[in-house]
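# Inside the fold
Residue strings, one per chain:
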Amino acid sequence: MSVIYKSPREIEKMRAAGKVVAGALALAAGKIQPGLTTGQLDAEIETFILSRGGVPTFKGYRSFPASACISVNEEVVHGIPGRRELKEGDIITVDVGVTLDGYIGDSAWTYPVGRISSRAQRLLKATKDSLFMGIEQVKPGNRLSEVSRAVQTYAEANGYAIVRKYAGHGLGRELHEEPQVPNYVDRMTPGNDLVMKPGLVIAIEPMLNEGTYDVKTLSDHWTVVTRDGKLSAHFEHTVAVTEKGREILTVE
Ligand code: MG
Ligand code: MG
């Protein structure tokens, strides 16, 4: 498999898909409160996506049963929405993919439920900031490893561990295309460190843990949690390389 560069017309479609993703996340942000179940939140997100003519990309992807991945506290990614009730002080990651007119947008955000601890606040801020440090490195002529390095340097300087098992990715007609976009550089080889050029579209998605970077998957075969049970946060945007720099596609 090789990198599929997108034409301006294709990026226009991805921008439209990204707008629906951002709208779904904004809707979610407004609904999140103690007492709401993750299943109820997923239903709201699905209704919104369908009302905009989109398809929830994750539903049915390798048999994933819901429209959004919803991961609470020590859950890192791929949480399955259900009967779990949110409570004051939780942090909740909502990861949404939308396919619109054949093209995909993918974005995730970690939100506070009511008032959260200052430790959790610090984790959320650092994870979000690490995403934007990575996004700043997206421009023609830069290598992908500069994105990875910016994310890793910022995260580690703030005392957090980067989840290594999961990475960002190219996307377009498919949710996961080449290249992989790791959030750390340790194992980056010249072979997978491509020079960015216009038309490349990638999802950058740092996952930061309070404790160890190590994770495990629960017996539901989806939910990934931190091995030490400490908190994890995850922020993601879909970003296109343009002639002059970058454009974040998953915005309203
Ligand atoms: Mg995602
Ligand atoms: Mg993704």
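Check the entry above for the structure.
The structure contained in this document is the topic of the report that follows. (Residues numbered from 1 in each chain as written. Chains lettered and ligands numbered in written order. Predicted model: local features only at pLDDT ≥ 70, side-chain atom pairs only at ≥ 80, totals over all residues. Heavy atoms only, no water.)

So, about the layout of surface pockets. Here the largest pocket defines a volume of roughly 840 Å³. Forming the boundary of the largest pocket are 35 residues, of which Tyr166, Ala167, Gly168, His169 and His176 lie nearest the centre. Elements with a minimum of two residues in the lining of the largest pocket: strand 7 (168-170) and strand 8 (177-181). In terms of residue count, the dominant contributor to the lining of the largest pocket is strand 8 (4 residues). Its residues assigned to classes, the lining of the largest pocket shows 16 nonpolar, 9 polar and 10 charged. (1 Å grid on protein atoms, 1.4 Å probe; cavity = no way out; pocket = protein on both sides within 12 Å on 5 of 7 lines; lining within 4 Å. Points joined across faces, edges and corners; volume = space filled by probe spheres on them. Helix = DSSP H or I, 4+ residues; strand = E, 2+ residues; numbered from the N terminus. Nonpolar A, V, L, I, M, F, W, Y, C, P; charged D, E, K, R; others polar.)

Enumeration over the complete set of coordinates arrives at 2 aromatic pairs. Where Phe64 meets Trp222, the ring centres are 5.0 Å apart and the plane angle is 85°; that geometry is what we call edge-to-face. In this pair, Phe64 is assigned in the loop between strand 1 (55-56) and strand 2 (68-72) and Trp222 in the loop between strand 11 (215-217) and strand 12 (224-226), connecting sequence segments 158 residues apart. Taking relative accessible area as the criterion, Phe64 reaches 3% and is therefore assigned buried. Relative accessible area serves as the criterion here: at 19%, Trp222 is assigned to the buried category. The interplanar angle of 75° and the centroid separation of 4.8 Å between the aromatic rings of Trp109 and Phe235 together place this pair among those described as edge-to-face. (Phe/Tyr/Trp six-rings, centres within 6.5 Å; stacked < 30°, edge-to-face > 60°. Buried < 20%, exposed > 50% of the residue type's maximum accessible area, 1.4 Å probe, protein only.)

Let's shift gears to the coordination of the magnesium ion (ligand 2). Those protein atoms acting as donors to the magnesium ion (ligand 2) are Asp106 (OD), His169 (NE2), Glu205 (OE) and Glu236 (OE), and they sit at 2.1 to 2.3 Å. Here the magnesium ion (ligand 2) and the magnesium ion (ligand 1) are spaced 3.2 Å apart, with Asp106 acting as a shared donor. With Asp106 in strand 5 (residues 103-112) and His169 in strand 7, this pair connects stretches of sequence that are 63 residues apart. There is no split in this pair, since Asp106 and His169 are both buried. (Donors = N, O, S within 2.8 Å, 3.2 Å for Na, K, Ca; no water.)

Reading across the sheet, the 3 strands line up as 3-12-11 and stay open at both edges, with antiparallel pairing between neighbours. Both edges of this open sheet fall to strand 3 (75-77) and strand 11, since each of them pairs with a single strand only. Direction aside, the axes of adjacent strands within the sheet are offset by 40° on average. By the bridge criterion, 2 bridges tie strand 3 to strand 12 in an arrangement that is antiparallel. Bridging across to strand 12, Val77 finds its partner in Val224. (Pairing = 2+ DSSP bridges. Axes fitted to C-alpha atoms, helices over the stretch in contact; angles between N-to-C directions.)

Let's shift gears to the sheet that holds strand 8. Within the open sheet, the 5 strands sit side by side as 8-7-9-14-15. Their pairing is antiparallel. Each end of this open sheet is capped by a strand with a single partner; those strands are strand 8 and strand 15 (246-248). Averaged over all pairs of adjacent strands, the angle between their axes in this sheet comes to 25°, without regard to strand direction. As judged from the 3 bridges shared by strand 14 (residues 237-241) and strand 15, these two strands associate in the antiparallel manner. Within the sheet, the bridge partner assigned to Ala240 lies in strand 15 and is Glu247.

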